[in-house]
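Notes for the structure review
One letter stands for each residue in the lines below.
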Amino acid sequence: MKRKSLLLIVMVFALASLTTINAQEKKSLIGDYLSISGWMNIQEDYESQLQNDGSTLEQISTLNVRRARLDFKGNISKNVEFRVQGDLAGTPKLVDGFVKIKLHKSFNIQAGQFKIPFTFENPQSPLTLEGIEYAQVISKLSGYSDISGVTTYSGGRDVGIMIYGNFFSFESNGKEIPILTYKLGYFNGNGMNKKDANVLKDIAGSIEVCPGVEGLMLAVSYYDGNYYLAGANENNANRDRLTFGGKYENGRLTVRSEYITGKTDMANNGQIYTLDSDGFYIAGGYWFDIAEDQRIRPVARYDFLRQDIDNPETNSTYYMAGIDWWPYKNLRLLVNYTMKDKPGYDNLGHLFQAQLSVKF
């Protein structure tokens, strides 16, 4: 009996030890190759627009959970990384899902669904953006709510393959700063979580240059696209974009500006025509430290869009001002007021937004 009791104790101890070791190994393994994080936006919108006679055209007041993201990132090896990000707000959907193969600082490969390499602002996370909304020209010409109507609410993302890397560098404050960075991608052109609607693929690419000053970046990017449009030549319509921009960031001050021009084939009563559009924005903010792990910055943006260059009635100018406050490291309150000036209305439109974000 004693032998059996002793054997039982030894077996239980061995099993407990093995379980502990396995748990430690598993934890260590997960820590080595996988990280799990997430964030959420809770938002209030109030908008008012009067008609020319002073009567109410539009008045909106609503609360919503705009985003609820779960983000999985990891390394299969030192040369292979992956990311899977989903959004549970509204209809659950895949936001990012890609693999990176890192071969050399000058040549790497990324495949899957991710943000297209076009403009400075498009790849930027909503958690770092100065405003609650992206600039009009980014929304209409960079794959958010595209003028063509084909990539509605795709968050600037698409499914494709991209090569990227950088050449040359200089040292500043003990850091190596790339002088030239390039990205070149091959995409479906139909937005996120969608198969291609035609046999042609879209090409997007960017070149960024740091002219020897840390934090200063100049860039040009181009998008050569095609999309399905009934009545167009073989149902393939052109959707081309070109942008120039610059930005400066030094840890406190952020200033960014871009000009985007686009040509989009459209249909009207069975006739195909080319819509010329362009837009410009300048945005900025400055961080103030007000306590430990607590920062605040005033932000502002001038935002102009000509949806149809030949029709001034489609012009719109937005003036945004706000406060970006992080009372804790993982908690953010962003408040924006936007005044909207549209030629079709004698009265200005007003948009007030407040967004609470939490990271975990």
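Our structure is the block above this text.
Residues numbered from 1 in each chain as written. Predicted model: local features only at pLDDT ≥ 70, side-chain atom pairs only at ≥ 80, totals over all residues. Heavy atoms only, no water.

**Remarks on the overall build of the protein chain**
The helix and strand tally for the protein chain stands at two helices and 17 strands. In terms of principal-axis extent, the alpha carbons of the protein chain reach across some 95 × 50 × 45 Å. Considering the protein chain as a whole, with its 360 residues, one finds that 40% of them fall into the buried category. Within the protein chain, contacts between residues at least 6 apart in sequence are counted, and of these 51% link residues at least 24 apart. Carbon and sulfur atoms make up 61% of the accessible area of the protein chain, which amounts to about 19,400 Å² in all. (Helix = DSSP H or I, 4+ residues; strand = E, 2+ residues; numbered from the N terminus. Buried < 20%, exposed > 50% of the residue type's maximum accessible area, 1.4 Å probe, protein only. Contact = heavy atoms within 4.5 Å. Areas by Shrake-Rupley, 256 points an atom, 1.4 Å probe, with all protein chains shown as cover.)

**Focus on the environment of Ile309**
Tracing the chain through its elements places Ile309 in the loop between strand S14 (294-306) and strand S15 (315-328). Each C-alpha atom of the pair Ile309 and Glu121 lies 23 Å from the other, and the pair is 188 residues apart in sequence. With sequence-adjacent residues up to four places away left out, Ile309 is seen in contact with Asp276, Ser277 and Asp278.

**Describing the nonpolar core**
In terms of nonpolar packing, the biggest core is built from 28 residues, with Val137, Ile138, Tyr227, Ile260 and Tyr281 touching the most fellow members. Core analysis: the second largest hydrophobic core is formed by six residues, Phe170, Cys210, Met217 and Ala219 among them. (Core = buried A, V, L, I, M, F, W, Y, C linked by side-chain atoms within 4.5 Å.)

**Quick notes on a nonpolar patch on the surface**
Residues Ile207, Val209, Val220, Phe244, Val255, Tyr259, Phe280, Ile282, Tyr302 and Tyr319 make up a contiguous nonpolar surface patch of about 770 Å² in total accessible area. Note on placement: Val255 falls in strand S11 (residues 253-268). (Patch = residues over 30% accessible without salt bridge, like charges linked within 9 Å, V, L, I, M, F, W, Y side chains within 5 Å. Salt bridge = Lys/Arg side-chain N within 4 Å of Asp/Glu carboxyl O.)

**Topic: the side chain of Arg67**
Structurally, Arg67 can be placed in strand S2 (residues 56-77). The charged side chain of Arg67 is buried without a salt bridge, its nearest counter-charge being Asp87 at 5.5 Å. A polar contact is formed between the side chain of Arg67 and the side chain of Asn41, at a distance of 2.7 Å. Setting aside chain neighbours within four positions, we find Arg67 in contact with Trp39, Met40, Asn41, Asp87, Ala89, Pro126 and Gln355. (Lys, Arg positive; Asp, Glu negative; His and termini not counted. Polar contact = N/O pair within 3.5 Å; in protein donor to acceptor, adjacent residues only side chain to side chain.)

**Regarding empty space enclosed by the protein**
Counted by the stated rule, this structure contains two cavities of 30 Å³ or more. Taken as a whole, the largest cavity encloses approximately 110 Å³ of empty space. In terms of lining residues, the largest cavity is bounded by 14 residues, among which Ile116, Ser142, Gly143, Tyr223 and Arg239 are the most central. The residue makeup of the lining of the largest cavity, split by class, is four nonpolar, five polar and five charged. Within this model, the second largest cavity holds a volume of roughly 50 Å³. Lining the second largest cavity are Phe118, Thr119, Phe120, Ser206, Glu208, Ala219, Val220, Ser221, Thr243, Gly245 and Glu258. (1 Å grid on protein atoms, 1.4 Å probe; cavity = no way out; pocket = protein on both sides within 12 Å on 5 of 7 lines; lining within 4 Å. Points joined across faces, edges and corners; volume = space filled by probe spheres on them. Nonpolar A, V, L, I, M, F, W, Y, C, P; charged D, E, K, R; others polar.)

**Quick look at the packing of aromatic side chains**
Tallied over the full model, the rule gives nine aromatic pairs. On the numbers, 4.6 Å between centres and 35 degrees between planes, the contact of Tyr134 with Tyr144 is tilted. On the criterion of sequence distance, the pair formed by Tyr134 in the loop between strand S5 (107-115) and helix H2 (136-141) and Tyr144 in the loop between H2 and strand S6 (157-172) is long-range, its members being ten residues apart. Residue class for Tyr134 comes out buried when judged on its relative accessible area of 10%. Given a relative accessible area of 11%, Tyr144 falls into the buried group. Between Phe280 and Tyr302 the ring centres are 6.4 Å apart and the planes differ by 55 degrees, which places this aromatic pair in the tilted class. (Phe/Tyr/Trp six-rings, centres within 6.5 Å; stacked < 30°, edge-to-face > 60°.)

**Focus on the pairing of S14**
On any regular strand, side chains alternate: one points to one face of the sheet, the next to the other face. Strand direction decides the pairing type here: strand S12 (residues 271-286) and S14, joined by eight bridges, are antiparallel. Bridge pairing in S14 links Gly285 to Val299. As judged from the three bridges shared by strand S13 (residues 288-291) and S14, these two strands associate in the antiparallel manner. Bridge pairing links Phe288 to Ile296 in S14. In sequence, S13 turns back onto S14 through a hairpin of two residues, with Asp293 there showing a positive phi of about 60 degrees. In the sheet, S14 pairs with S15 via twelve bridges, with the strands oriented antiparallel. Looking at S15, one finds that Arg306 is bridged to Asn315. (Pairing = 2+ DSSP bridges.)

**Quick notes on the layout of surface pockets**
As a volume, the second largest pocket reaches approximately 610 Å³. What lines the second largest pocket is a set of 31 residues, and nearest its centre among them are Arg83, Asp96, Phe98, Lys100 and Gln110. Elements with a contribution of two residues or more to the lining of the second largest pocket: helix H1 (2-33), strand S1 (34-50), S2, strand S3 (80-87), strand S4 (93-104), S5 and S6. Its residues assigned to classes, the lining of the second largest pocket shows 13 nonpolar, eight polar and ten charged.

**A short note on the pattern of salt bridges**
Here the structure, examined in full by the defined rule, presents 20 salt bridges. Here Lys263 and Asp276 are joined by a salt bridge, their closest N and O atoms 2.7 Å apart. With Lys263 in strand S11 and Asp276 in strand S12, this pair connects stretches of sequence that are 13 residues apart. Put simply, Asp146, Asp202, Arg239 and Arg241 are held in one network by salt bridges that share partners.

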